[in-house]
Amino acid sequence: MNTRGPADQGLRLIPFRGLRYVPEQVGSLAAVTSPPYDVVVRPDGLHHLESADPHNIVRLILPQADSAAARHEQAAATLNSWLAEGVLAPDPEPALYVYEQHDGDILQRGVIGALALSDPADGIVLPHEDVMAHVVEDRADLMRTTAAHLEPLLLTYRSDGDATGTTAVIERTVHRPPLLATTTEDGYSHRLWAVTDPADRADIETDLAGRQALIADGHHRWATYLRLQQEHSVPGPWDFGLVLLVDTARYPLRVRSIHRLLHGLPVADALDSLGGQFRVRTVGGPLPHALDVLAEAAAQGNAFLLAGDGGFHLVDHPDEGLLARTVPADRPAAWRTLDATVLHSVLLDHIWRIPDDPAHIAYIHDTAAAVEQAERHSATAVLMHPVREEVVRDLARQGVTMPRKSTSFGPKPATGLVLRSLTLG
């Protein structure tokens, strides 16, 4: 049951007692953090994180065992063990948390809290991508078994850009000493502050009450929150989900692509299958130059970069008749012309006939990793050009979802800096 009343029309963010690593019990805060579970490149990245520190958060978000049930039970046992040993401990009182990430000219600040859940039809939290049922099932069982939210979703909203409301609280708070500060190996510095002052929390509550958020990262976890809420008929902690809210009018995010790794499809076969229905050109390396060529082509229409055979192949200019036959016509033009739409409807479904499941397709955020894995396994990496944020937001407001894994907003919050227990509230 959702505790939101019918008169509520905006975001409701409440404080919680964050679970945080006790610095004296771990090698370093940086060594126990991880990227979000779906960004970790497996198996190499997983092994790297596991070896960084015996208490790395990846042992909770991506536990390793022979079955799904065993993995999730192992994660719950590990979490309980770390709590009993004092590796993780709850903060003394409920708080909202100001979170800052900084690297060079990139500065992101937002507020972490427990957000009241709402149905997409309410138009309060807008998804923009479809989800995969098996991933939601896996995340749901992990959350259910651990009774915890292990990593925050990334949600965005847009103010008028003034330093008022939530932004004013954030920009006052960052002048105080933080609860924690660390720099992860990707070069990002991270700082976290607790907001416990009732006046500050009231300013945030008032500011967010009329706002609408876009899910920037974490569609599967949001769907999981909603699924688990439905399982609990009594109002309580399952009516809220752990999120990071960022005002992109004040702190713009970067939008990147998520690339596809097609198992069992060599590049030569992928290209031969096109049969003249796309234009194909070989592009010289290195990778940054090939991506520049992709960007130029994508400005003119649908374009993809195929890699895996040691070279790069630009695939663009799809046949108009082919598009008319294969792309669903019952969606807005902005959706029909998305690269992800054309990739899935035309290339994957119609030409290559590849099912969208983990046995056939992997989704990889890191471009170089996608190319490296394709070359290692004689597979095909399909490199994508990012979608503009305004296109994503406009489609979401129309209630139109993009093909899953169409975008990657960032920087993403580091996993492991603050967790939410469903038993502590």
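Residues numbered from 1 in each chain as written. Predicted model: local features only at pLDDT ≥ 70, side-chain atom pairs only at ≥ 80, totals over all residues. Heavy atoms only, no water.

> I keep staring at the overall build of the protein chain and nothing clicks. Help me out?
Counting secondary structure elements, the protein chain contains 15 helices and 21 strands. Relative to the compact-globule value of 22 Å for 425 residues, the protein chain shows a C-alpha radius of gyration of 22 Å, a close match. Dimensions of the protein chain, computed from C-alpha atoms along their principal axes, come out at roughly 65 × 45 × 45 Å. Counting the 425 residues in the protein chain, one finds 54% classified as buried. A separation threshold of at least 6 residues defines the contact pool for the protein chain, and within that pool the share at least 24 residues apart is 80%. Here the protein chain has roughly 17300 Å² of accessible surface; of this, 51% comes from carbon and sulfur atoms. Averaged over its 36 positive side-chain charges, the protein chain has a centre that lies 3 Å from the centre of its 55 negative ones. (Helix = DSSP H or I, 4+ residues; strand = E, 2+ residues; numbered from the N terminus. Rg over C-alpha atoms; globule rule 2.2 N^0.38 Å. Buried < 20%, exposed > 50% of the residue type's maximum accessible area, 1.4 Å probe, protein only. Contact = heavy atoms within 4.5 Å. Areas by Shrake-Rupley, 256 points an atom, 1.4 Å probe, with all protein chains shown as cover. Lys, Arg positive; Asp, Glu negative; His and termini not counted. Charge placed at Lys NZ, Arg CZ, Asp CG, Glu CD.)

> Hey, could you run me through the packing of aromatic side chains in this one?
Centre-to-centre distance and the angle between the planes together describe a pair of aromatic rings. Applying the stated criterion across every chain, the model contains three aromatic pairs. With a centroid separation of 6.2 Å and an interplanar angle of 65°, the aromatic rings of Trp-222 and Tyr-225 are classed as edge-to-face. Of the two residues, Trp-222 and Tyr-225 both sit in helix H8 (residues 219-231), three residues apart, roughly one turn of that helix. For the residue pair Trp-222 and Tyr-225, the accessibility class agrees, reading buried in each case. Across from the ring centre of Tyr-37, 4.0 Å away, lies the NZ or CZ of Arg-139, which sits over that ring. (Phe/Tyr/Trp six-rings, centres within 6.5 Å; stacked < 30°, edge-to-face > 60°. Lys NZ or Arg CZ within 6 Å of the ring centre and 35° of its normal.)

> Help me out: how do you make sense of the nonpolar core in this one?
Side chains that are nonpolar tend, in soluble globular proteins, to be buried together. Among the nonpolar cores identified, the biggest contains 118 residues, and Phe-278 and Trp-352 are the most heavily contacted of them. At seven residues, helix H13 (residues 339-351) tops the list of elements feeding residues into this core. Look past the residues within four positions of Phe-278 in its chain and what remains in contact with it is Phe-304, Val-315, Asp-316, His-317, Pro-318, Leu-322, Val-342, Val-346, Leu-347 and Ile-351. Counting 21 residues, the second-largest nonpolar core is a separate cluster that includes Ala-290, Leu-314, Ala-369 and Ala-370. (Core = buried A, V, L, I, M, F, W, Y, C linked by side-chain atoms within 4.5 Å.)

> Just to check I follow, could you spell out the layout of surface pockets for this structure?
One simple way to see leftover space: roll a probe sized like a water molecule over the atoms. The space that makes up the largest pocket amounts to roughly 1200 Å³. Lining the largest pocket are 42 residues, and of these Pro-35, Val-39, Asp-186, Arg-256 and Asp-366 sit closest to its centre. Going through the elements one at a time, helix H1 (29-32), helix H2 (44-52), strand E13 (254-256), helix H10 (287-298), helix H14 (367-376) and strand E20 (408-410) are the ones with two or more residues in the lining of the largest pocket. Looking at the lining of the largest pocket element by element, the count peaks at four residues for H2. Put simply, the second largest pocket is a space of about 810 Å³. Surrounding the second largest pocket, 31 residues form its lining, Tyr-37, Asp-38, Arg-42, Leu-62 and Pro-358 being those nearest its centre. Of all the elements in the fold, those that place two or more residues in the lining of the second largest pocket are helix H4 (68-85), helix H5 (133-146) and strand E18 (361-364). Here the residues of the lining of the second largest pocket sort into 16 nonpolar, seven polar and eight charged. (1 Å grid on protein atoms, 1.4 Å probe; cavity = no way out; pocket = protein on both sides within 12 Å on 5 of 7 lines; lining within 4 Å. Points joined across faces, edges and corners; volume = space filled by probe spheres on them. Nonpolar A, V, L, I, M, F, W, Y, C, P; charged D, E, K, R; others polar.)

> I'm lost on the pairing of strand E12 (residues 240-247) in this one. Help?
The side chains of a regular strand alternate between both faces of the sheet. Of all eight residues in E12, eight are buried, a share of seventy percent or more. Because side chains alternate across E12, one face comprises the buried residues Phe-240, Leu-242, Leu-244 and Val-246, and the other comprises Gly-241, Val-243, Leu-245 and Asp-247, equally buried. Judged from the six bridges that link them, strand E5 (residues 106-116) and E12 form a sheet pairing that is antiparallel. From the neighbouring strand, Gly-113 faces E12, where its bridge partner is Val-243. Pairing of strand E8 (residues 153-157) with E12, which is carried by five bridges, proceeds in the parallel orientation. (Pairing = 2+ DSSP bridges.)

> Could you clarify how one ought to interpret the sheet that holds strand E14 (residues 259-262) in this entry?
Backbone-to-backbone hydrogen bonds pair the strands of a sheet. The strands run either parallel or antiparallel. As summarised here, the arrangement of the six strands in space is E15-E17-E16-E19-E14-E18, forming an open sheet in which the pairing is antiparallel. Since the sheet does not close on itself, it has two edges, and those belong to strand E15 (279-283) and E18, each with one partner. Here the strands of the sheet are splayed against their neighbours by 25° on average, with no regard to which way each runs. By the bridge criterion, five bridges tie strand E16 (residues 303-307) to strand E17 (residues 312-316) in an arrangement that is antiparallel. Paired with Ala-307 across the bridge in E17 is Phe-312. (Axes fitted to C-alpha atoms, helices over the stretch in contact; angles between N-to-C directions.)

> Hey, could you run me through H4 in this one?
A turn of α-helix holds 3.6 residues, and therefore any two residues three or four places apart point the same way. For H4, spanning 18 residues, the distance from its first C-alpha to its last is 26 Å, which sits close to the expected 26 Å at 1.5 Å a residue. Listed in full, the buried residues belonging to H4 are His-72, Ala-75, Ala-76, Thr-78, Leu-79 and Trp-82. For H4, the buried positions fall inside an angular range of 160° around the axis, keeping them on one side. H4 presents Glu-73 and Ala-84 as exposed residues on the side facing more than 90 degrees away from its buried surface. Of the surrounding secondary structure, the elements contacted by the buried residues of H4 are strand E2 (18-21), helix H3 (58-61), strand E3 (88-90), H5 and strand E7 (148-149). One or two positions beyond H4, positive phi appears at Gly-86, with a value near 80°. (Expected span 1.5 Å × (residues − 1). Arc of directions from axis to C-beta.)

> How do you make sense of H2 when you look at a structure like this?
Along H2, the residues that are buried comprise Leu-46, Leu-49 and Glu-50. Across the axial projection of H2, the buried residues extend over an arc of 100°, all falling on one side. Those residues of H2 that are buried lie in contact with H3.

> Whenever I open this one, the pattern of salt bridges confuses me. Can you help?
In a structure, side chains of opposite charge can pair up when their charged atoms sit close to one another. Scanning the entire structure with this criterion turns up 22 salt bridges. Across the salt bridge formed by Arg-191 and Glu-100, the nearest N and O atoms sit 3.0 Å from each other. Highlighted residues: Arg-191 in strand E10 (residues 189-195) and Glu-100 in strand E4 (residues 96-103), separated in sequence by 91 residues. Using a relative accessible area of 25% as the deciding quantity, one classes Arg-191 as partly exposed. Members of the salt-bridge network, linked through shared partners, are Asp-44, Glu-372 and Arg-376. (Salt bridge = Lys/Arg side-chain N within 4 Å of Asp/Glu carboxyl O.)

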